[in-house]
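# Overview (structure and organization)
The primary structure of each chain is shown beneath.
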Amino acid sequence: MKNQIKTYHRITSWSVPVIFTMLSTFAFAQDNYKVQKASVVLKGTSSLHDWEMKAEGFTCTSVFLLDNNRVEQVKSLTLTIPVQTLKSGKGAMDKNAYAALKQETYKQVTYTITSSVLQGNKITCDGNLTIAGVTKPVQVESTCIVNSDNTITCKASKKLKMTEFNVEPPSFMFGSVTTGDEITMSFDLIFKRN
């Protein structure tokens, strides 16, 4: 009887941590994702009218930590936008914007997350945004939802000032039209597991 109790105790002492680890593994899944469908838009104002530019080509990869089909944490995310893929539909405006962003020297806009924290149904991400060769810490609040097909939809919007990145707001028509300093970057990204 004593031997049976000792055997039971030995089995219990090693099996509980193993079972707990297995359950944790099932509950928390960490996977690599890449963008399946996306929209990245820059919006601003000018002395003539509001304007917007859409990124027609970019890359974005991410690692999400899921808990019971819910995004618990964004472990990593890197968004890279080639400047020349930003299009307004107006050639003159695009040309001036590329010049303001110093595209000849700095060909990409990048955002890389350094950490994230879940707050209610929102995820607050801290990261580094690089525009025209200037890197600044930027905090972005986003919503991330796991869809029925296991893709993840992330939406975010962030207001910035161009002058914070040493970008002079572009002007048009020989300076008669000037743009405002503040812009809004909006993201609507759908990620698919690799």
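### Some points on helix 2 (residues 91-100)
- Among the residues making up helix 2, those that are buried are Met 93, Asp 94, Ala 97, Tyr 98 and Ala 100. Along the axis of helix 2, the buried positions cluster into a sector of 160°, meaning they face one direction only. Along helix 2, exposed side chains directed more than 90 degrees from the buried face belong to Gly 91, Ala 92, Lys 95 and Ala 99.
- The positive-phi residue at the C-terminal boundary of helix 2 is Lys 102, with phi of around 55°.

### Let's talk about the environment of Gln 84
- Of note, Gln 84 is situated in the loop between strand 4 (71-82) and strand 5 (86-87).
- Among the residues examined, Gln 84 registers a relative accessible area of 44% and is labelled partly exposed.
- A sequence separation of 28 residues divides Gln 84 from Glu 56, and the C-alpha atoms of the two residues are 8.9 Å apart.
- Leave out the neighbours within four places in its chain, and Gln 84 touches Tyr 98 and Gln 103.

Rules and cut-offs
- All residue numbers refer to position in the chain's written sequence, counted from 1.
- Given that the model is predicted, a residue must reach a pLDDT of at least 70 before its local features are reported, and side-chain atom pairs must reach 80 or more before they are shown or counted; all residues, however, enter totals for whole chains, interfaces and linings.
- Hydrogen atoms and water are omitted, and side-chain values are computed over all heavy atoms in the structure.
- Burial status follows relative accessibility: with a 1.4 Å probe on protein chains alone, a residue under 20% of its type maximum counts as buried, one over 50% as exposed, and anything between as partly exposed.
- Going along the chain from the N terminus, every DSSP run of H or I of four or more residues is numbered as a helix, and every run of E of two or more is numbered as a strand.
- Each direction from the helix axis to a C-beta atom contributes to the arc, which is the arc of those directions.
- Here, two residues are considered to be in contact whenever any of their heavy atoms come within 4.5 Å of each other.

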